[in-house]
Amino acid sequence: MKAVRKYLDKVKPQFQKGGRFEKFHSTFDAFETFLFVPDTVTIKGSHIRDPLDMKRTMSVVIIALMPALLFGMWNVGYQYHLSVGSEAGIWENFWFGFLKVLPIIIVSYVSGLGVEFIFAQYRGHEVNEGFLVSGMLIPLIVPVNIPLWMVAVATIFAVTIGKEAFGGTGMNIFNPALLTRAFLFFAYPAQITGDLVWISGLTGNAQVVDGFSGATPLSSAALGMFDKIPPLSDLFFGFIPGSIGETSKLAILIGAFILLATGIGSWRIMLSTLLGGIIMTLIFNAFGANEYMKIDALTQIMLGGFLFGAVFMATDPVTASQTNRGKWIYGFLTGVFAILIRVFNPAYPEGMMLAILLMNTFAPLIDYYVVQANIKKRLKRVKLAVENK
Amino acid sequence: MSDVIRIRKGLDIKLLGEAVKKISKITTDKFALKPADFNGVFPKLSVKEGDEVKAGSPLFFDKYRENIIFTSPVSGKVSEIYRGEKRKILEVRIQTDEKMNYESFDAADPLKLSKEEILQKLLKSGIWSYIRQRPYSIIADPKDQPKAIIISGFDSAPLAPDYNFILEKQEKAFLTGIDALSKLTAGKIHITTRSGQAVAVAFSNAKGVVHHAVTGPHPSGNVGIQIHHIDPVGKGEIVWFVNPQAVATIGKLFLEGRYDASKVIALTGSEIKNPQYFEVVNGIQLSPFFKEQPKLTEVRYISGNVLTGTKVDKNGFLGFYDDQLTVIPEGNYHEFIGWALPRLNKFSFSKSFFSWLNPGKKYRLDTNLNGGRRAFVLTGQYEKVFPMDIYPMQLLKAILARDIDQMENLGIYEVDEEDFALCEFIDASKTDMQAIVREGLDFIRKEMAG
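The structure presented is a predicted model; accordingly, all values stated were derived computationally and were not measured.

Participant: Outline the overall build of chain A, supporting the account with residue identities and numerical values.
Facilitator: When helices and strands are tallied, chain A shows 16 helices and 1 strand. The C-alpha radius of gyration computed for chain A amounts to 23 Å, which stays within 12% of the reference 21 Å derived for 389 residues, consistent with globular compactness. Split into buried and exposed, the 389 residues of chain A put 54% on the buried side. Summarising the internal contacts of chain A: among those between residues at least 6 apart in sequence, 71% fall at separations of at least 24. Chain A carries 30 positive and 24 negative side-chain charges, and their two centres are separated by 13 Å.

Next comes the structure, spelled out in structure tokens:
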């Protein structure tokens, strides 16, 4: 490692002000700090600092996403082989999916980080680690058949308009990964909805076995074909078509466990989102006006991206409510709206994406009222003290 | 009977190098008073280089509050007025003479003196500067009517000195100090001690005060946290606070009629071979403490504790309000993919490291920032180590935006920079919060005055 360090020290001056590659300062810095924790020491305030930094935080989230990603890769292969009616082993399935998903990951990272690097350099900041997570989330929430150029366009849009326009990581209002998906959803609806996009090759001229539809359980439900919803165990383990990372609830729960055990993800949001979804479903169950309303709570939660959204998307600390009390409200309403949109709006089979984006909009408002309550309490105390004098 | 205040949020950072309970005397011939130790004071000199001074002779005073004067802790000659950029006075250095000569302020029983007489004695001797106030953590204004005076009988910061031990033999001075303070407020005097601990008789024998037992991790020893739970400071209200050793110093003024600036400090930190207590005179030059070569070549000398102390030079001087010296390693090294490693030798509040598996372990932590500065990203973290009914991040943002109304609304009068020290420690975005809070307090004080 000493040789690497020596080399970095040697070339560093060229990237600093007045150097030959001054314009790549942020890029160099990003790679240098990736390889080595910087040697900066504390100047003001506390002399010692916690070893937890943004890189560590973000890598924990990425680790938590790994089970969903790895399963998603396998499932891409599994679903493909199912659709063409051929048998394949675990590794064959995985390898097939790996080759399909890897390009999406690469395109997502390259286009997103490209924008981040440019803005960091332009602002004179260090490159923020936020996109390391967004860049991994994006491939997990799109169908496998998505054209790569669309991923690039949508990612660049989300990072530029959704994040950098607001001032970069920490200032954005909407979850960048979800914004990417929303962009795809409204700009290229044909490529992200329907029965054909979820299975690799289905949009082409693959020889599909008779009777294979490729529809996700959720779109079956939206069309009223409730008998086509697979058994709970399939929903739980994830042997179903769907966005790459959303299918296996088991993998998502492993990720949730990692986030909760490390304290990086908010248990308040995860729990309250779940509660919101369950309570909304129970209310529907009570009315039972149509077949969709009669679906039980467990199935509702296992369907589509509800759990993935609750664990990985709603918990984004920047776009969620920032006060603890606000997190309860925010999560609960996210769950409620997700089920509400699902059941009442047949045009959007999945409500989670829109529910979270909607609640992203309201998060600052929720925080405002929570903080206002604290302010009122303080003012009351002061008033009381004055009266007692 | 005392009530128990339970502090649930917070964090005890366990470091190597706790002082053993042994007091040695240490002295040298150089002392100094540093104007920067006093928040918001603009120093005007009363002496020039070469002047002879006694212990208790004025060295400088505050330009904006001329009755607040700062006196020499020792007798001798003003050897140097040490200045920095723009001729800012950094240190007034004193070279001691053979024996200690004291200015006389006449001994007297404080209970028999009027409030005015007590004030005059404290102001003239310069001992007044030991009495500070919330909000702003500035030296108290003798004209004010504080609604309470609070004395925190314990310091919960890492490796902090134990006041029960320090005040073991100071009962008389401490109680006399309490007598004097009791004349200065119509409100209550609160003394807090750690619950479940043997308490120095000085504390337990104090009469006419309210005793509180406090449990919980750091920052439970901070006066700001305690007063928040006892009697919060609202807009326009003032609470005074005094360090327990300073109470004894006040007591000695009335018992002996002189400014006895001696105090006991703890020499601590992982880079100190024999951490222990020392009896010194305030403002002492620190070189005799650091004579022994540290284990490492590059260490940081801190006057105070690792969270709130001031970085000092090896030949620097003890901070006026500090009862502790800490020496820890500097962290100016690169660590290869450190953010990805388990890093078992580091202590973290976060469970993404493994220090929580080994709660008893004491650590040797260095001054590395451990990452790069970022915007506020994570939420709900600071609240875990901030035991007040205040939203820390929202308050910091209000300060950064210089939004006075919002700062007031969110409770800036109740906080001090030291209350944010733990938030600063655990912050993954590496924000210098204590500096932000200080700026906010200075800003709002200026606006209120204007």
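Alright, that's what it looks like, and here's the rest.
Participant: I'd like to hear about the domain arrangement of chain B, residue by residue, with values.
Facilitator: Note on interface size: it is often stated as the accessible area lost on association of the parts. Residues and elements named next belong to chain B. We note that the domain assignment places domain 1 (3-256) and domain 2 (382-449) within chain B. A straight line from the C-alpha centre of domain 1 to that of domain 2 covers 24 Å. In total, about 2,100 Å² of surface goes out of reach between domain 1 and domain 2, with carbon and sulfur atoms giving 58% of it. It is Lys-9, Tyr-136 and His-228 in domain 1 that bury the most area against domain 2; as a group they hold 30% of the surface buried on that side.

Participant: Just give me the short version of the confidence of the model for chain B, but keep the residues and values in it.
Facilitator: Averaged over every residue, the pLDDT of chain B is 93; residues scoring 70 or more account for 98%. Under the prediction, the complex receives an ipTM of 0.91, its pTM being 0.92.

Participant: For the sheet that holds strand E6 (residues 58-62) of chain B, give the residues involved together with the corresponding values.
Facilitator: Residues and elements named next belong to chain B. Reading across from one edge, E4-E6-E7 is the order of the 3 strands in this open sheet, with antiparallel pairing throughout. Only two strands of the sheet have a single neighbouring strand rather than two, namely strand E4 (43-45) and strand E7 (69-71). The average undirected angle you get between the axes of adjacent strands in this sheet is 30°. Sheet topology places E6 next to E7; 3 bridges connect them, and they run antiparallel. Residue Phe-60 lies in a different strand from E7, and its bridge partner there is Phe-70.

Participant: Tell me about helix H4 (residues 90-123) of chain A, and name the residues and values.
Facilitator: Because an α-helix completes one turn every 3.6 residues, residues spaced three or four positions apart along the sequence face the same direction. All names here are of chain A. For H4, spanning 34 residues, the distance from its first C-alpha to its last is 47 Å, which sits close to the expected 50 Å at 1.5 Å a residue. By the largest-angle criterion, Leu-99 marks the main kink of H4, which is about 25°, and a proline, Pro-103, follows within four residues. Backbone geometry just after H4 places Gly-124 at a positive phi near 75°.

Participant: I'd like a rundown of the pattern of salt bridges, residues and numbers included.
Facilitator: Counting across every chain of the model gives 41 salt bridges over all chains. A salt bridge links A:Arg49 to B:Asp432, with the nearest nitrogen and oxygen atoms 2.9 Å apart. Of this pair, A:Arg49 sits in the loop between strand E1 (36-37) and helix H3 (54-84) while B:Asp432 sits in the loop between helix H9 (421-426) and helix H10 (433-449), which puts the two residues in different chains. Per residue, the accessibility class of A:Arg49 equals that of B:Asp432, and both read buried. Salt-bridge contacts for B:Glu18 lead to B:Lys362; the nearest nitrogen and oxygen are separated by 3.7 Å. One end of the pair, B:Glu18, is in the loop between strand E1 (3-6) and strand E2 (20-25); the other, B:Lys362, is in the loop between strand E21 (335-336) and helix H7 (392-400), and 344 residues separate them in sequence. Connected through shared salt-bridge partners, B:Arg134, B:Asp416, B:Glu417, B:Glu418, B:Asp419, B:Arg438 and B:Asp442 make up one network.

Participant: Explain unusual backbone geometry to me, using residue names and the numbers behind them.
Facilitator: All names here are of chain B. Cis geometry is found at the peptide bond from Arg-134 to Pro-135, where omega equals -5°. Looking at the secondary structure, you find Pro-135 in the loop between strand E10 (132-134) and strand E11 (138-139). One non-glycine residue, Tyr-136, lies in positive phi territory at about 85°. In this fold, Tyr-136 is placed in the loop between E10 and E11. Residue Asn-370 is not a glycine yet carries a positive backbone phi of 60°. Structurally, Asn-370 is set in the loop between E21 and H7.

Participant: Tell me about the interface of chain A and chain B, and please be specific about residues and values.
Facilitator: Facing 57 residues of chain A, the contacting portion of chain B comprises 81 residues. Summed over both sides, the interface of chain A with chain B buries roughly 5,900 Å², with 55% coming from carbon and sulfur. There are 7 salt bridges connecting chain A and chain B. In this structure, A:Lys377 engages B:Asp389 in a salt bridge whose closest nitrogen and oxygen atoms are separated by 2.7 Å. Across the contact surface, chain A and chain B share 32 residue pairs in polar contact (both at pLDDT 80 or more).

Calculation criteria
- Residues numbered from 1 in each chain as written.
- Chains lettered and ligands numbered in written order.
- Predicted model: local features only at pLDDT ≥ 70, side-chain atom pairs only at ≥ 80, totals over all residues.
- Heavy atoms only, no water.
- Helix = DSSP H or I, 4+ residues; strand = E, 2+ residues; numbered from the N terminus.
- Rg over C-alpha atoms; globule rule 2.2 N^0.38 Å.
- Buried < 20%, exposed > 50% of the residue type's maximum accessible area, 1.4 Å probe, protein only.
- Contact = heavy atoms within 4.5 Å.
- Lys, Arg positive; Asp, Glu negative; His and termini not counted.
- Charge placed at Lys NZ, Arg CZ, Asp CG, Glu CD.
- Domains from an automatic or database assignment.
- Buried area = accessible area lost by both parts, 1.4 Å probe.
- pLDDT = per-residue confidence, 0-100.
- Pairing = 2+ DSSP bridges.
- Axes fitted to C-alpha atoms, helices over the stretch in contact; angles between N-to-C directions.
- Expected span 1.5 Å × (residues − 1).
- Bend = angle between axes of the 7 residues up to and from the residue.
- Salt bridge = Lys/Arg side-chain N within 4 Å of Asp/Glu carboxyl O.
- Polar contact = N/O pair within 3.5 Å; in protein donor to acceptor, adjacent residues only side chain to side chain.

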